Amino acid sequence: MKSPCVFLVVAAMMLAGCATQETLVPTGGSRSDGTVQLSYEYGLFQVPQVNMNQATQTAANRCAAWGYSGAQPFGGQINRCEQFNQYGSCIQTMVTVSFQCTGNPSGGN
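Residues numbered from 1 in each chain as written. Predicted model: local features only at pLDDT ≥ 70, side-chain atom pairs only at ≥ 80, totals over all residues. Heavy atoms only, no water.

(A) Representation of the state of the cysteines within the structure. Counted under the stated rule, the structure contains 2 disulfides. Covalently, C63 is tied to C101 through a disulfide, its sulfur atoms 2.0 Å apart. For the disulfide bridge between C63 and C101, the dihedral angle about the S-S bond is near -75°, and by the sign convention the bridge is left-handed. Placement of C63 in helix α2 (residues 52-65) and of C101 in strand β7 (residues 90-102) is noted, with a sequence separation of 38 residues between them. Using a relative accessible area of 0% as the deciding quantity, one classes C63 as buried. The disulfide partner of C81 is C90, and the gap between their sulfur atoms is 2.3 Å. Torsion about the S-S bond of the C81 and C90 cystine: about 110°, corresponding to right-handed handedness. Assessed through its relative accessible area of 24%, C90 is described here as partly exposed. Sequence-ordered numbering of the bonded cysteines in the chain gives a disulfide pattern of 1-4, 2-3. (Disulfide = S-S within 2.5 Å. Helix = DSSP H or I, 4+ residues; strand = E, 2+ residues; numbered from the N terminus. Buried < 20%, exposed > 50% of the residue type's maximum accessible area, 1.4 Å probe, protein only.)

Next comes the structure, spelled out in structure tokens:
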């Protein structure tokens, strides 16, 4: 007879998921409001790992193109299910993080 502990270990490994490195990419924003939205997607069994320093630099680069001097995350994120399976479980999620551009925009436009 197989030990129930072996079954529990295997089940825990399956539920743990797979760590994946995700990169936040620009998906929206407003030059006049000085905001940038960055997003990434992940699947049901993935455990996303995000480098927020890299994300802040990406947002700062977008802000710099608009004449601002930097960017700061607002704090928090929005998670939205992009795809459901036949049982109603979310199998693909999009995460969006908003950033505020900092500094006075140059050029006056």
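(B) Expanded view of the environment of V36. Tracing the backbone through its elements, the reader meets V36 in strand β3 (residues 35-43). Distance in space between the C-alpha atoms of V36 and F99 is 5.1 Å, their sequence separation being 63 residues.

(C) Fine view of the environment of E41. Looking at the secondary structure, you find E41 in strand β3. For E41, a relative accessible area of 34% translates into the label partly exposed. It is 9.1 Å that separates the C-alpha atoms of E41 and T23, two residues lying 18 residues apart in sequence.

(D) Local environment of the packing of aromatic side chains. Counted by the stated rule, this structure contains 1 aromatic pair. Here Y40 and Y42 contribute two aromatic rings whose centre-to-centre distance is 6.2 Å and whose plane-to-plane angle is 35°, an arrangement assigned as tilted. As far as burial versus exposure is concerned, Y40 and Y42 are alike and both buried. (Phe/Tyr/Trp six-rings, centres within 6.5 Å; stacked < 30°, edge-to-face > 60°.)

(E) Local environment of the pairing of strand β6 (residues 78-84). Looking at chain direction, β6 and β7 are connected through 6 bridges and run antiparallel. Bridging from a neighbouring strand, F84 pairs with C90 of β7. Between β6 and β7, which pair antiparallel one after the other, the connecting turn spans 5 residues, and G88 there sits at a positive phi close to 90°. (Pairing = 2+ DSSP bridges.)

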